[in-house]
Number of protein chains: 2
Amino acid sequence: MGRADLKAVASLAGVSISTVSRVLNGSKTTVAISEATKKKVVDAARRLGYVPVCAARALRRGYTRTIAVLCDAPDQLVRAIGRNMFDAEMMRGLVMEAVRQHLHLLFLTGLSDEGGTYNDQVAELGMADGLLVLNRNMKRGDICADVVLKLSKPVVYLLEYPDDCDGYICAPDDVQGGRLATGKLLELGHRRIGFLTERSYYPGVFGRRRSGWETALRSAGIEPERSWIIELGTASREVIEKAGLTAIVSPNDRMAQELKNRLRGEGMAIPDDISIVTFAYDAVSDGRVPPTACVSTPLAPLVARGVEMLSEIVCGNRPAERKFMPEFAYVAGRSVTAPRGG
Amino acid sequence: MGRADLKAVASLAGVSISTVSRVLNGSKTTVAISEATKKKVVDAARRLGYVPVCAARALRRGYTRTIAVLCDAPDQLVRAIGRNMFDAEMMRGLVMEAVRQHLHLLFLTGLSDEGGTYNDQVAELGMADGLLVLNRNMKRGDICADVVLKLSKPVVYLLEYPDDCDGYICAPDDVQGGRLATGKLLELGHRRIGFLTERSYYPGVFGRRRSGWETALRSAGIEPERSWIIELGTASREVIEKAGLTAIVSPNDRMAQELKNRLRGEGMAIPDDISIVTFAYDAVSDGRVPPTACVSTPLAPLVARGVEMLSEIVCGNRPAERKFMPEFAYVAGRSVTAPRGG
DNA sequence: CTGAAAGCGCTTACAG
DNA sequence: CTGAAAGCGCTTACAG
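The model shown is predicted, which means the values in this text are computed figures rather than measured ones.

### What to know about the nonpolar core
Side chains of a nonpolar character, in soluble globular proteins, are inclined to be buried together. Counting 50 residues, the largest nonpolar core has Leu94 and Leu105 of chain A together with Leu94 and Leu105 of chain B as the members making the most contacts within it. With residues up to four places along the chain from it excluded, the contact list for leucine 94 of chain A reads Val69, Leu105, Phe107, Leu132, Leu134, Val303 and Val307 of chain A.

### Focus on the protein's contact with DNA strand D
Around DNA strand D lies a shell of 29 residues, among which Thr19, Arg22, Ala32 and Thr37 of chain A together with Arg60 of chain B are the nearest. By atom count, sugar and phosphate contribute 61% of the portion of DNA strand D lying within 4 Å of the protein. Within the contact set of DNA strand D, a phosphate oxygen lies 2.6 Å away from a side-chain nitrogen or oxygen of threonine 19 of chain A. Taking tyrosine 50 of chain B, its side chain carries an N or O atom lying 3.1 Å from a phosphate oxygen of DNA strand D.

### Here we look at the pattern of salt bridges
Taken as a whole, this structure holds 34 salt bridges over all chains when the rule is applied. The partner of glutamate 160 of chain A in a salt bridge is arginine 208 of chain A, and the shortest N-O contact between them spans 2.6 Å. Highlighted residues: glutamate 160 of chain A in the loop between β4 (155-158) and β5 (168-170) and arginine 208 of chain A in helix α10 (residues 205-219), separated in sequence by 48 residues. Across the pair, arginine 208 of chain A and glutamate 160 of chain A agree in class, each one buried. Across the pair aspartate 43 of chain B and lysine 39 of chain B runs a salt bridge whose closest N-O atoms are separated by 2.7 Å. With aspartate 43 of chain B and lysine 39 of chain B both in helix α3 (residues 35-48), this residue pair falls four residues apart, about one helical turn.

### Things to note about the environment of leucine 188 of chain A
Residues and elements named next belong to chain A. Tracing the backbone through its elements, the reader meets leucine 188 in the loop between α9 (174-187) and β6 (193-197). Spatially, the C-alpha atoms of leucine 188 and valine 336 are 9.1 Å apart, while their sequence positions differ by 148 residues. Apart from residues lying up to four places away in sequence, leucine 188 is in contact with Val336, Thr337, Ala338 and Pro339.

### A word on the sheet that holds strand β3 (residues 130-133) of chain B
Here we have twelve strands laid out as an open sheet, ordered β11(A)-β5(A)-β4(A)-β3(A)-β1(A)-β2(A)-β2(B)-β1(B)-β3(B)-β4(B)-β5(B)-β11(B), and mixed in their pairing. Looking at the sheet topology across the chains shown, the edges are occupied by β11 (323-324) of chain A together with β11 (323-324) of chain B. Here helix α13 (residues 300-314) of chain A sits on the sheet in contact with β1 (66-70), β3 (130-133), β4, β5 and β11 of chain A, set at roughly 175° to β4 of chain A. Of the strands in this sheet, β1 (66-70), β3, β4 (155-158), β5 (168-170) and β11 of chain B touch helix α13 (residues 300-314) of chain B, which is tilted by about 175° from β4 of chain B.

### What about helix α12 (residues 253-265) of chain B?
An α-helix turns once per 3.6 residues; consequently, residues spaced three or four apart project the same way. All names here are of chain B. Helix length check: α12, at 13 residues, gives a terminal C-alpha distance of 19 Å against a target of 18 Å (1.5 Å per residue), a fit within 8%. Here α12 has its buried residues at Met255, Ala256, Leu259, Lys260 and Leu263. Along α12, the residues classed as buried sweep out an arc of 135° about the axis, all on the same side. As for α12, its buried residues are in contact with β6 (193-197), α10 (205-219), α11 (237-243), β8 (247-250) and β9 (275-281). Capping the start of α12 is the job of one residue whose side-chain oxygen sits 2.8 Å from the backbone nitrogen of arginine 254: asparagine 252.

### So, the domain arrangement of chain A
Splitting chain A by domain gives domain 1 (6-52), domain 2 (66-170 + 299-324) and domain 3 (174-298). A separation of 66 Å is found between the C-alpha centroids of domain 1 of chain A and domain 3 of chain A.

### Remarks on the sheet that holds strand β7 (residues 229-231) of chain B
All names here are of chain B. One open sheet accounts for six strands, arranged β7-β6-β8-β9-β10-β12; its pairing is mixed. Of all strands in the sheet, those bounded by a partner on one side alone are β7 and β12 (329-331). When strand polarity is set aside, the average angle formed by the axes of neighbouring strands in this sheet is 30°. In the sheet, strand β10 (residues 293-297) pairs with β12 via three bridges, with the strands oriented antiparallel.

### Notes on the packing of helix α1 (residues 6-13) of chain B against helix α2 (residues 17-25) of chain B
All names here are of chain B. The contact between α1 and α2 brings their axes to 8 Å, and the two run at 105°. The angle between α1 and α2 falls in the class roughly perpendicular. Residues Leu6, Lys7, Val9 and Ala10 of α1 pack against Ile17, Val20, Ser21 and Leu24 of α2. Looking at side-chain class alone, the contact of α1 with α2 contains six nonpolar, one polar and one charged residues.

### What about the protein's contact with DNA strand C?
Within the structure, DNA strand C sits among 28 residues, and Arg60 of chain A together with Thr19, Arg22, Ala32 and Thr37 of chain B are positioned closest to it. Take the atoms of DNA strand C that sit within 4 Å of the protein: sugar and phosphate atoms are 61% of them. The contact in question runs from a phosphate oxygen of DNA strand C to an N or O atom on the side chain of threonine 19 of chain B, over 2.6 Å. For the surface near DNA strand C, the elements supplying multiple residues, two or more each, are α2 (17-25) and α4 (54-61) of chain A together with α2 and α4 (54-61) of chain B. With five residues, the single largest contributor to the surface near DNA strand C is α2 of chain A. Of the residues in the surface near DNA strand C, the class split is twelve nonpolar, nine polar and seven charged.

### What to know about the pairing of β6 of chain A
In regular strands, side chains alternate between the two faces of the sheet. Counting buried positions along β6 of chain A gives five out of five residues, so the element sits mostly inside the fold. Residue alternation in β6 of chain A divides its side chains into two sets, Ile193, Phe195 and Thr197 of chain A and Gly194 and Leu196 of chain A, and both sets are buried.

### Looking at the packing of helix α1 (residues 6-13) of chain A against helix α3 (residues 35-48) of chain A
All names here are of chain A. One way to put it is that α1 packs onto α3 with a least axis distance of 9 Å and a crossing angle of 125°. By the angle class used here, α1 and α3 are oblique. Regarding α1 and α3, the two cross each other, and that crossing is right-handed. The segment α1 lies against α3, with Ala8, Val9, Leu12 and Ala13 engaging Lys40, Val41, Ala44, Ala45, Arg47 and Leu48.

### Topic: the environment of phenylalanine 328 of chain A
Residues and elements named next belong to chain A. Mapped onto the elements, phenylalanine 328 comes out in the loop between β11 and β12 (329-331). Residues phenylalanine 328 and arginine 92, spaced 236 residues apart in sequence, show a C-alpha to C-alpha distance of 22 Å. If we ignore the near neighbours within four places in the chain, the residues touching phenylalanine 328 are Pro172, Asp173, Asp174, Gln176, Gly177, Leu180, Arg209, Phe279, Ala280, Val295, Ser296 and Thr297.

What counts and how
Residues numbered from 1 in each chain as written. Chains lettered and ligands numbered in written order. Predicted model: local features only at pLDDT ≥ 70, side-chain atom pairs only at ≥ 80, totals over all residues. Heavy atoms only, no water. Core = buried A, V, L, I, M, F, W, Y, C linked by side-chain atoms within 4.5 Å. Buried < 20%, exposed > 50% of the residue type's maximum accessible area, 1.4 Å probe, protein only. Contact = heavy atoms within 4.5 Å. Near = heavy atom within 4 Å. Polar contact = N/O pair within 3.5 Å; in protein donor to acceptor, adjacent residues only side chain to side chain. Salt bridge = Lys/Arg side-chain N within 4 Å of Asp/Glu carboxyl O. Helix = DSSP H or I, 4+ residues; strand = E, 2+ residues; numbered from the N terminus. Pairing = 2+ DSSP bridges. Axes fitted to C-alpha atoms, helices over the stretch in contact; angles between N-to-C directions. Expected span 1.5 Å × (residues − 1). Arc of directions from axis to C-beta. Domains from an automatic or database assignment. Parallel < 35°, antiparallel > 145°, perpendicular 65-115°, else oblique. Nonpolar A, V, L, I, M, F, W, Y, C, P; charged D, E, K, R; others polar. Left-handed = near helix turned anticlockwise from the far one by under 90°.

Structure follows, in C-alpha cells:
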C-alpha cells in the first residue's frame, strides 16, 4: 500500500473527495459540514495515515509558505554559517524571524552550476513564495539578477540591491554613512580625505558609500582628486603621502584592518599620520573607545525587517514602506584625530 | 501578462506542449528533436522568460531535490545557529554537504504549533524528498516521530534515533562510549563508578550511554547499585559519599561541568575525591591535557555522512550501510586519577 | 521526429 | 450540508 490520498480517505469514509478536502484542509470559505461527516472523515484520514501531497496543494493553491534565500554562490551559504559574527548574526536573524512569521526557509544550493538545461535552476526557486536576495555583489547580468527578473515572485533585497531596483529593500543608508564618516573628519579639520577601494569593485554598496564621501567633500567646497581613491592592493605610505591625504574612509571593516596593518608596517602612525574611519555593522558600544572609528548600524533589525517584509508581501499585505533604510551612527575610535597641521 | 507557461511557449514557437517540455527539461528518455525545432523553442522560452512551475513539476515527477531538516521545535532551529561550537559545526556540516550533493535544504518552522487542521504541518514536509531528523530527545509519540511515520519518505536520523528504528542512522556508538569511559576508570582501579542523569530523562542517547556503563561494570563483575545513578538536580557531596563512589561518568559535557562546579562548591576535590569522565563531540586534541577527561568523537563526519546517505537514498542508490556508527575515543584529562585507596 | 491525451493530487466555484 | 467536475502546469507512454 502506497501513501493514502484524498480518494482513499473519501472511499473509506464513504463521502466525496470534495468533502474530505473541506474537512481536512481548514479552508477559508467556511462551508458548514455536519459533525457526523467530519468525524467519519477525520477517523478515516487518521486510520490511513493520510498526508496531503504538498506539490499538488502548492500547484492548486499557488503558495507554499516557504521563502527562499538566494545567494551569489553556494559556498556563500557555507560562509554564512557562523564563521564570523556578521554571518552568524545574519543566519540567526533569518531563522528567528522566519520562525516568528511561520515561514519555512529554503536554502538553495547549486545555483552557480553550469550543468542543467535552460534555467532549470531558476525553476527550483519556484518552490518558494518569495525570495530574499542576500548577495554581496550585485553585478548586473549576474545569474541572480536574472533569476529574480524571470520569476515574477516577490523579492526583498537585503543589504545589497541593484541600483535600478524598484523592489523592496532592507539596507542601511550607505550614502548617508559615507557623508557622516566624511563629515566627522571634515569637522576635525581634515581637508584631503581619501576613499579606500578594492580591485574587484562592483557598483552597489561600496559605490553608494563612496558617493556619500564625494557629496560630503563637495558640500564642503572640496573637489576630490582622482589620486584620493586608494586601491587597497597598491596602498602604501608613499601613495598616501603623494596624494597628501590626512584621512581615509574605508567602506568595510576588513579592508580598514588590512590597510592599518600595512601602513603600520611601513612606519605610519595611526591616527597621527593618517586618520581612518570605517563602516561597520554592530559596532560594540560598551562605553570603551574602539580601535577603529566607524559609522555603524545594527544588523539584526535589517535582517528581521527583511524577512518580515517578504512575509507581508507573500501574505498579500503591502508593507508599510518600500525601503527600510536605517541610518549609520558615528562611533568615535582611536583611529581618528585632528590633522597634524590643523 | 502573467507568468508564461509551457502553453504560451508552445504557441509562440508553433509547436506542441510536449515538444516544448522535451526541449526544455532535459528529460532522461532521450528523444531526438530536430535542431530547428529546438532553436524555435529555446528562443520562444527565452523571449517569454519562461520559468517552470516547480509545484507542477514536483507533482508530476514526484521529487524536488530538496531535503528537509526536522527538529523537535522551531526554537531549536534558532539554537542551531552558532550559539555554541556544537551547533555551529552542525549547521556548517549540513550546508556544506548539501551543497556538495546539490540538494536544497528546507528548514521547517512552526511544526510545534497547536493551530491548524489535522496534520497540515506534516504536509509541509512533503515539499522535501527526504528528511533528516535532528532531534535531541526522541520521545515516543512525539509529533516528530509521528510525522516521520506518516510520510513514507526516506529518513535519516542524526545522533538521536528511536530505539525500535529500522531506518537509516548516523550516530556514534553510544553504548561503546559508555563501555569505554567506564572501562578506563576500571583500569585505574575504580570499582564504585556512578552515572549522571537528569530529571527530564528520555531513553535514547543517554540511555545507551548508560547501558554501556552498566555492561562494563557487569563485565568486571560489579553489579551497579541503584544509588550509583546520580541525578544532577540533587547531586551533592553527601549523596556521592553515601553511595561510596570514587568516579562518575557523565553522558554530557554541560552536565559534567555543572556537577564539577557544584561539587567544588562543596569542597570536593576533582579528581582526588572524585574522578569524572564525560562524553563530548570534537574534544580538542591539541596535545594539552583537557580539564575534563572524555570519550569523544568528531561531529563533522557524522553530519556529512547523514546528508550523503539521504542524498543517496533520494537518488535511488542504496547506501553502503544502514547505520554509520563511529566509535568514541578516550581523551585523558585532569578530571581523572586512580581512586584514593586504590 | 512530433503531437494528443492521460494523469500527478489537490481545491473550489457551481449546482443541487 | 454534500458531490461532480474543472483545472492548477507539468511529464511521458503511446500513437503516428
